[in-house]
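# A closer look at the structure
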Protein chains: 2
Amino acid sequence: MPQSKDSPDPAVVLLSGGLDSATALAVAQRDEFECHAISFDYGQRHRFELDAARRVARAAGVKRQITVPLDLRTFGGSALTDDIDVPKGRDQSEMETGIPITYVPARNTIFLSIALGWAEVLGAFDLFIGVNAVDYSGYPDCRPEFITQFESLANLATQAGVEGRGRFHIHTPLIDLTKAEIISLGRELGVDYSLTHSCYDPADDGAPCGRCDSCTLRRKGFAEAGLSDPLHYAN
Amino acid sequence: MPQSKDSPDPAVVLLSGGLDSATALAVAQRDEFECHAISFDYGQRHRFELDAARRVARAAGVKRQITVPLDLRTFGGSALTDDIDVPKGRDQSEMETGIPITYVPARNTIFLSIALGWAEVLGAFDLFIGVNAVDYSGYPDCRPEFITQFESLANLATQAGVEGRGRFHIHTPLIDLTKAEIISLGRELGVDYSLTHSCYDPADDGAPCGRCDSCTLRRKGFAEAGLSDPLHYAN
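This text gives an overview of the structure that appears in the document. In this text the structure is predicted, and so the values were computed from the model without any measurement. (Residues numbered from 1 in each chain as written. Chains lettered and ligands numbered in written order. Predicted model: local features only at pLDDT ≥ 70, side-chain atom pairs only at ≥ 80, totals over all residues. Heavy atoms only, no water.)

## Let's talk about the sheet that holds strand β3 (residues 64–69) of chain A
Residues and elements named next belong to chain A. Selection rule: By definition, two strands form a pair when at least two bridges between them are found by DSSP. Secondary structure elements follow DSSP: runs of H or I of four or more residues count as helices, runs of E of two or more count as strands, with numbering from the N terminus. Simply put, an axis is a line fit to the C-alpha atoms, just over the touching stretch for a helix, and the angle between two N-to-C directions goes from 0 to 180 degrees.
Read from one edge of the open sheet, five strands run β3-β2-β1-β4-β5, paired in parallel fashion. Every interior strand has two partners, whereas the edge strands, β3 and β5 (169–171), have only one. The average undirected angle you get between the axes of adjacent strands in this sheet is 25 degrees. With three bridges connecting them, strand β1 (residues 10–14) and strand β4 (residues 126–128) associate as parallel partners. Of the residues in β4, the one forming a bridge with A11 is D126.

## A short note on the nonpolar core
Short version of the rule: Think of a nonpolar core as a cluster: buried Ala, Val, Leu, Ile, Met, Phe, Trp, Tyr and Cys residues, connected wherever their side-chain atoms sit within 4.5 Å. Note on classification: 1.4 Å probe, protein chains only; a residue is buried when its accessible area is under 20% of the maximum for its type, exposed when over 50%, partly exposed between these limits. Residues are treated as being in contact if the distance between any of their heavy atoms lies within 4.5 Å.
Judged by nonpolar contacts, the single largest core of 98 residues is most densely connected at I38, L112 and I114 of chain A together with I38, L112 and I114 of chain B. The residues contacting I114 of chain B, other than those within four sequence positions of it, are L70, F75 and I110 of chain A together with I38, F40, V68 and L70 of chain B. Judged by nonpolar contacts, the second largest core, of 27 residues, contains A11, L19, A28 and I183 of chain A.

## Examining the side chain of T81 of chain B
With respect to the helices and strands, the residue T81 of chain B is situated in the loop between β3 (64–69) and α3 (92–95). The class of T81 of chain B is buried, set by a relative accessible area of 4%.

## Examining the pairing of β1 of chain A
Residues and elements named next belong to chain A. The test is simple: Here a crossover is taken to be right-handed if, once the strands point away from the viewer, the path from the first strand over the helix to the second is traced clockwise.
Burial within β1 is extensive, with five of its five residues counted as buried. Where burial is concerned, the two faces of β1 agree: the one with P10, V12 and L14 and the one with A11 and V13 are both buried. Following the backbone out of β1, through helix α1 (residues 19–30) and into the adjacent parallel strand β2 (residues 34–41), one traces a crossover that is right-handed.

## A few points about the pattern of salt bridges
Residue and element names in this part refer to chain A. Note the cut-off: Salt bridge, as applied in this entry: a Lys or Arg side-chain nitrogen positioned within 4 Å of an Asp or Glu carboxyl oxygen.
Per the stated rule, a full pass over the model turns up 26 salt bridges over all chains. When the shortest N-O distance is used, the salt bridge between R30 and D31 registers 2.9 Å. Given a relative accessible area of 45%, R30 falls into the partly exposed group. By relative accessible area, D31 is classed as buried at 11%.

## Comments concerning the packing of aromatic side chains
We describe a pair of aromatic rings using the distance from one ring centre to the other and the angle between the two ring planes. We apply this condition: Here a pair means two rings of Phe, Tyr or Trp (six-membered ring of Trp) with centres within 6.5 Å. Their orientation is stacked below 30 degrees between planes, edge-to-face above 60, and tilted elsewhere. Charges are assigned to positions over rings by a cutoff of 6 Å between ring centre and Lys NZ or Arg CZ, combined with an angular limit of 35 degrees from the ring normal.
A full pass over the atoms with the stated rule returns 14 aromatic pairs over all chains. On the numbers, 4.1 Å between centres and 5 degrees between planes, the contact of F40 of chain B with F111 of chain B is stacked. Of this pair, F40 of chain B sits in strand β2 (residues 34–41) while F111 of chain B sits in helix α4 (residues 107–122); the two residues are 71 residues apart in sequence, bridging distant segments of the chain. Members of the aromatic cluster, joined through ring pairs, are F40, Y42 and F111 of chain A. Above the face of the Y233 of chain A ring, R219 of chain A is positioned so that its terminal group lies 4.2 Å from the ring centre.

## A few points about the interface of chain B and chain A
Which entries qualify depends on this criterion: Accessible area, probed at 1.4 Å, shrinks when two parts are joined; the buried area is that loss added up over both.
Contacts between the two partners involve 37 residues from chain B and, on the opposite side, 37 residues from chain A. Buried area between chain B and chain A, summed over both chains or domains, comes out near 3300 Å², and the portion from carbon and sulfur atoms is 72%. Considering only the side of chain B, the residues that lose the most area to chain A are F75, L153 and L156 of chain B, jointly responsible for 18% of the buried surface there. There are zero salt bridges connecting chain B and chain A.

Have a look at this one:
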């Protein structure tokens, strides 16, 4: 949390438009950071999430939001960026059998690196990312050990880190929470989840499929939190 | 160096079009890797280097070259990506007084991250980058400690690393060489330096200015190697 002073500390928040990143943004605002949101147009199948990111950023009143175009379809290799089907209807045990094909190679490393560059230009040392290692898809770049290592790297990689102007800190306020706990926290902080988008494979009109891993985890989270999901599912 | 076997190991080589990366590519080919070259169209002032990257890749006969568009002018903060003058006519002692304004925030972290993603898709565990920590501009992300940390990160960040299919290795064959030694090595390996481009601030026709830090280091390197630089300088 920033020290009490005249102006708030700036922070960069990775904002996908999903439930988790919207909640991470709300936590950064609760902690009185001046938030700069960064989103990525990386050729994802679910580009609808970019509209959601803009809606969430506007509702939160962030200082600035940028969307960085970066076409990861150039090399593909994931169901989200290549001509590969998104798995549907998998239950919890199937989701726990390894890293799924929706894994995008090096995605969070790439996104955090670009966010780090922007942070350095802004004079920000705080980055927020809504990764979660409980109700998640097993992606290696959502785990605490990855985040810790990236934080060390950030302080070696940059002029601001090397010159000791500050220490970069990667905040992961959701990393130990269940999806239900994330949703409950977000509701407390006033997040409007009707603005968010979680589905990996939405219909042409943006309606969530309800059956991909991301929809399944989201629906389970709302059910366990005893709350109703404001989204209307295609299935 | 890859083990002797039927098919060569794939490698991803970061290829800017400059003297160093062209030499790093030649080393990767000497070491019998099947080379995939990646270049970045990041809004750099010296976009001429992208033509050079394509020329160098073609002359080397790489397996594939890709140019990834990623506009870092979105947040600027460097003389290479913002409306900031490139320093000219600095001597060695001036160049050694700190990190210059041509530093691009988090650039090598961003480039290596994207290269890592492509490597994972290719099944490659070897990345080559022509960073140099002797005759260089003091950029933090050219130092050995940065590279070592990135290598650790790569093995935590990816499915291929976590599942133990291999260990990522970031090769930096030039890191301890002087610019003269790099040029001598490249000549031995048959690099045609007339194809390369080093200037940060070329004339409209692509002619190198001869006075930015990058031109100064290059010219000094050729002089110390006792070789003539095939480029024609504006000054």
